[in-house]
Amino acid sequence: MSDAPERAYEPRKSICPFCGVGCGVVYNHETGKGTGWEAPVNTRGELCPKGVAAFEPGEHEDRLTQPLVRENGQFVTAPWEEAIARVVEGLEAARETHGPESLAFFSSSNCTNEENYLFQKIARALGTNNVDNCARLCHSSTVTAMAERFGAGAMTNTLEDIPEADVFLVTGANPAEQHPVIFNSYLGPAIQDGTTLIHVDPRDNKTTNAADIHLPVSPGYDIPLLNALAKVLLEEDLVEDSFVAERTTRFEEFVDSLADVDVEANADLAGVDPEKLRAAARAYGEADRAAAFTGMGMSQHHCGTDNVRALLNLALLTGNVGKRGTGVNPLRGQNNVQGANDVGARPADLPGYESVTDEAARERVAAVWGFEPPSTPGLTEVELTHEFGDSVHAAFVFAENPGLTEPNLNRVRREFDELDFLVVQDLFMTETAEHADVILPGSTWAEKAGSVTNTDRQVMRMRPNASLPGDARRDLDILREIGERLTDVSFDYDGPGEVFDEMTTVNPLYEGMAYADIGEGSLRWPFPAGADDGVGVLHEDTFATGDRTTPLLPVEHVPPADDLGEGELALTTGRVLQHFNSGAFSRRSETLVRMRGEDVLEMHPADADDRGIEDGERVAVENDRGLVEVAAAVSPIITQGSVFLTFHYSDPATNDLTGDALDPEAKIPEYKHSAVTVRPVE
Ligand SMILES: Nc1nc2c(c(=O)[nH]1)N[C@H]1C(S)=C(S)[C@@H](COP(=O)(O)OP(=O)(O)OC[C@H]3O[C@@H](n4cnc5c(=O)[nH]c(N)nc54)[C@H](O)[C@@H]3O)O[C@H]1N2
Ligand SMILES: Nc1nc2c(c(=O)[nH]1)N[C@H]1C(S)=C(S)[C@@H](COP(=O)(O)OP(=O)(O)OC[C@H]3O[C@@H](n4cnc5c(=O)[nH]c(N)nc54)[C@H](O)[C@@H]3O)O[C@H]1N2
Ligand code: SF4
Ligand SMILES: [Mo]
């Protein structure tokens, strides 16, 4: 560990390390902060506060600048040679004793396409598909539902065409805070010009401020709400018959499934005003073009896949797919969550989403790799943690902090102690790294080159702006060396360009792209032969499944995993503008900490009154999994019966309270509904 690292800067056009919007950021010598450049997304160089602050965490005194190894329970610094030798020894020992499936690889949506590609290749060269990334925790359910219906899980539309919509239906997402440049530069101007915004969210947040209709759904009750919207579309003849006839199947069955749906009763169950719900259905159904956006409020439930299925029905009923200004658009999480998945850091998929069970796909990959990837799908992120000490004995965690961001942390902490060997490649001493045997100090975004793929499928290039502090190394170099030493395969690439170009030969989505061609612009997938920069609006004539039609699917309400007992409230969790995920970066940025310090519990005045809680008072939020103490922020911005915490802080850690329930198909945790009691701290 070190004091504040010295770094030399040279401004070069790169991409913001925070969210999936993918704004261009460059170091500015005058301000010592980030400045926007006129990049593919932030075309006027606009940034949100996180982009401006993006260089600060790399300079923080907590920065790890030397490898650490555990000696007699304590971390001591070690030369790289020794640290890497221990990694090779630790992973090999588990593999020899328990087989390749005893290894777990946590890849990173915070890191580049090239790093993720090498990381999954290492796992597969060792004989396991146990490689996943934290997209599992964000949009895995969305991707499952969308891939099933449309053949692709990504945004159906592009930022460029979306402002053509007459209506935006934003559900379970708060883009004004989580995707600020999309909201301010693409949605906002359209709203100013008359596009109607419908916001479905239990909280009245910055996105709601711009909304025409707000449906404050009770957490976990989106299916009754979405089914009621579908019912109004049917009752009021707002279905686009020609689209339903030409592009969908199973319409009659779907109509039958809604026969017993009573709009008023469903609205009541979802906690929203039936008249407002009807108004929302009319606005969406009558619009010439309506674009839906979906986020964590929909995806992070144990019925997350079904939630999104219910939303897809609305788009299909109204013909809002395959045209400009329409679609179903998941707003992706980190700067490379789209890319980490595209390049194969997934347990059931090879690069380009070809299934590991598909023999022809494995053979195609083998022709390039020189070995055949294993054919049994691996385990997903939370499943892997739950197997620590049982079937999994060694883990490599690259640029993730599951020790803080997975649900039910008291269990997760115990699980980490069950491992025989853990290596963590990060920038700071994280809650996960505290359990490690070896910690490898990697590079921040500001010190690396490579490509990332943003939320609307644009592949863009990052360039180093800063020198590496101390003995820290570039992530790609660390992975290359581990790959060389640990596997029988050559990892002798001369840099990200060579890795990218190999990746395009095994990944059908990126086939034909060349690293050099990205330049300061972007290349978008899919990228058919002869395309200049890729396909914008997906599913125009046929869905990506290859079919012209897709079914309408009946969806039934699934009650949340935690029952609410007498006096209990529904805790939902999420984000604020100034902080980011585990807080690794945002809590190490003076600019952002100044904007927002501690976490608070958002609580409705009626719920506070019932419990004798005053605004600002410290409260205990508790269930049988854990206890969190914070100050209450009493205000009607949150719907009665629910409370809200972020998960951006480590002390207290909100995920002490969240539970183990997973969506049966996508395996996403239920971060958005936990039963808790709230009382003043004595
Ligand atoms: N500032 C900032 N930006 C970020 C991030 C960050 O941490 N901070 N993280 C990035 C990442 S990794 C991701 S995945 C994205 C996520 O971006 P979002 O999806 O916008 O993130 P959340 O705040 O988790 O959830 C969105 C909204 O869902 C609402 N909600 C809660 N429960 C329910 C429910 O049951 N139903 C419905 N309909 N709504 C509900 C919450 O009140 C919240 O306003 O943001 C990315 N961008
Ligand atoms: N309660 C609750 N929990 C949640 C969620 C929620 O809404 N509610 N959301 C979930 C979601 S959507 C997500 S995506 C996850 C996020 O969970 P995580 O991925 O665990 O969190 P992050 O903060 O994005 O990043 C983790 C680590 O990456 C390191 N890092 C960043 N960049 C680099 C790099 O370039 N190189 C190296 N070597 N390290 C780097 C950081 O220092 C940090 O320690 O959290 C999930 N957890
Ligand atoms: S909107 Fe996202 S990508 Fe753009 S500056 Fe803010 S955090 Fe970075
Ligand atoms: Mo995420």
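All of these numbers come straight from a predicted model, not from anything done at the bench. (Residues numbered from 1 in each chain as written. Chains lettered and ligands numbered in written order. Predicted model: local features only at pLDDT ≥ 70, side-chain atom pairs only at ≥ 80, totals over all residues. Heavy atoms only, no water.)

Side note on the site of ligand 2
Surrounding ligand 2, one finds 30 residues, the nearest of these being Asn401, Thr405, Asp426, Ser582 and Asn655. Thr573 has a polar side-chain atom sitting 2.9 Å from a nitrogen atom of ligand 2. Its free accessible area being 920 Å², ligand 2 has 98% of it covered by the protein chains. Of all the secondary structure elements, the ones that give two or more residues to the shell around ligand 2 are helix H4 (135–138) and strand S17 (421–426). Across the shell around ligand 2, the residue classes break down as 12 nonpolar, 12 polar and six charged. In this structure, the shell around ligand 2 is formed jointly by two domains, domain 2 (68–135 + 335–524) and domain 4 (569–680), each of which donates at least three residues. (Near = heavy atom within 4 Å. Polar contact = N/O pair within 3.5 Å; in protein donor to acceptor, adjacent residues only side chain to side chain. Areas by Shrake-Rupley, 256 points an atom, 1.4 Å probe, with all protein chains shown as cover. Helix = DSSP H or I, 4+ residues; strand = E, 2+ residues; numbered from the N terminus. Nonpolar A, V, L, I, M, F, W, Y, C, P; charged D, E, K, R; others polar. Domains from an automatic or database assignment.)

Let's talk about the site of ligand 1
Around ligand 1 lies a shell of 35 residues, among which Asp201, Asp222, Arg575, His579 and Asn581 are the nearest. Between Gly297 and ligand 1, the recorded distance is 3.2 Å, taken from a backbone N or O atom to a nitrogen atom. Within the side chain of His301, one N or O atom sits 2.9 Å away from an oxygen atom of ligand 1. For ligand 1, the protein covers 100% of the area, taking 920 Å² as the surface of the free molecule. Elements supplying a minimum of two residues to the shell around ligand 1: helix H6 (175–178), helix H13 (296–299) and strand S23 (569–574).

With respect to the packing of helix H3 (residues 113–125) against helix H21 (residues 496–506)
Between H3 and H21, the shortest axis-to-axis distance is 9 Å and the interhelical angle comes to 65°. In this structure, the crossing between H3 and H21 has a hand that is left-handed. Residues Glu114, Tyr117, Leu118 and Lys121 of H3 pack against Pro496, Val499, Phe500, Glu502, Met503 and Val506 of H21. Across the contact of H3 with H21, the residue classes tally to seven nonpolar, no polar and three charged. (Axes fitted to C-alpha atoms, helices over the stretch in contact; angles between N-to-C directions. Left-handed = near helix turned anticlockwise from the far one by under 90°. Contact = heavy atoms within 4.5 Å.)

Looking at empty space enclosed by the protein
Leftover empty space is mapped by rolling, across the atoms, a probe with the size of a water molecule. The final tally for this structure, using the stated rule, is four cavities of 30 Å³ or more. Cys16, Phe18, Cys19, Val21, Gly22, Cys23, Leu47, Cys48, Lys50, Gly51, Pro180 and Val181 are the residues that line the second largest cavity. When residues of the lining of the second largest cavity are traced back to their parent elements, those giving at least two are helix H1 (49–53) and helix H7 (180–192). (1 Å grid on protein atoms, 1.4 Å probe; cavity = no way out; pocket = protein on both sides within 12 Å on 5 of 7 lines; lining within 4 Å. Points joined across faces, edges and corners; volume = space filled by probe spheres on them.)

A short note on the packing of helix H2 (residues 80–98) against helix H20 (residues 475–486)
Relative to each other, H2 and H20 sit at 50°, their axes nearing to 10 Å. Looking at the two axes, H2 sits oblique to H20. Seen along the crossing, H2 lies across H20 with a hand that is right-handed. Contacts from Trp80, Glu81, Ile84, Ala85, Val87, Val88, Leu91 and Glu92 of H2 reach H20 at Ile478, Glu481, Ile482, Arg485 and Leu486. (Parallel < 35°, antiparallel > 145°, perpendicular 65-115°, else oblique.)

Notes on the nonpolar core
Residues Phe105, Phe396 and Leu440 are the most contacted members of the largest nonpolar core, which totals 56 residues. Residue contributions to this core peak at seven residues, all from H2. Counting residues in hydrophobic clusters, the runner-up holds 52 residues, among them Val244, Val272, Tyr284 and Leu312. (Core = buried A, V, L, I, M, F, W, Y, C linked by side-chain atoms within 4.5 Å. Buried < 20%, exposed > 50% of the residue type's maximum accessible area, 1.4 Å probe, protein only.)

What about the domain arrangement of the protein chain?
Each domain of the protein chain was delimited in the assignment, giving domain 1 (14–59), domain 2 (68–135 + 335–524), domain 3 (140–330) and domain 4 (569–680). Taken together, the contact pairs 23 residues of domain 3 with 22 residues of domain 4. A buried area of about 2,000 Å², summed over both sides, lies between domain 3 and domain 4, and 52% of it is on carbon and sulfur atoms. When the buried area of domain 3 at its contact with domain 4 is split by residue, Arg203, Gln300 and His302 rank highest and sum to 33% of it. At the surface where domain 3 touches domain 4, the tally comes to two salt bridges. (Buried area = accessible area lost by both parts, 1.4 Å probe. Salt bridge = Lys/Arg side-chain N within 4 Å of Asp/Glu carboxyl O.)

Some remarks on the pairing of strand S19 (residues 450–453)
Residues Gly450 and Val452 point to one face of S19 and Ser451 and Thr453 to the other, with burial holding for every one of them. Here S19 runs beside strand S20 (residues 458–462); their pairing, made up of four bridges, is antiparallel. Note that in S20 the partner of Thr453 across the bridge is Val459. Between S19 and the antiparallel strand that follows it, S20, lie four residues; Arg457 among them carries a positive phi value of about 70°. (Pairing = 2+ DSSP bridges.)

A word on the sheet that holds strand S24 (residues 600–603)
Read around the closed barrel, six strands run S23-S27-S24-S26-S25-S28, paired in mixed fashion. Going from strand to strand, the sheet's axes swing by 45° on average, the running direction of each strand aside. Sheet topology places S23 next to strand S28 (residues 674–680); three bridges connect them, and they run antiparallel. Within S28, the residue paired with Ala570 across the bridge is Ala675.

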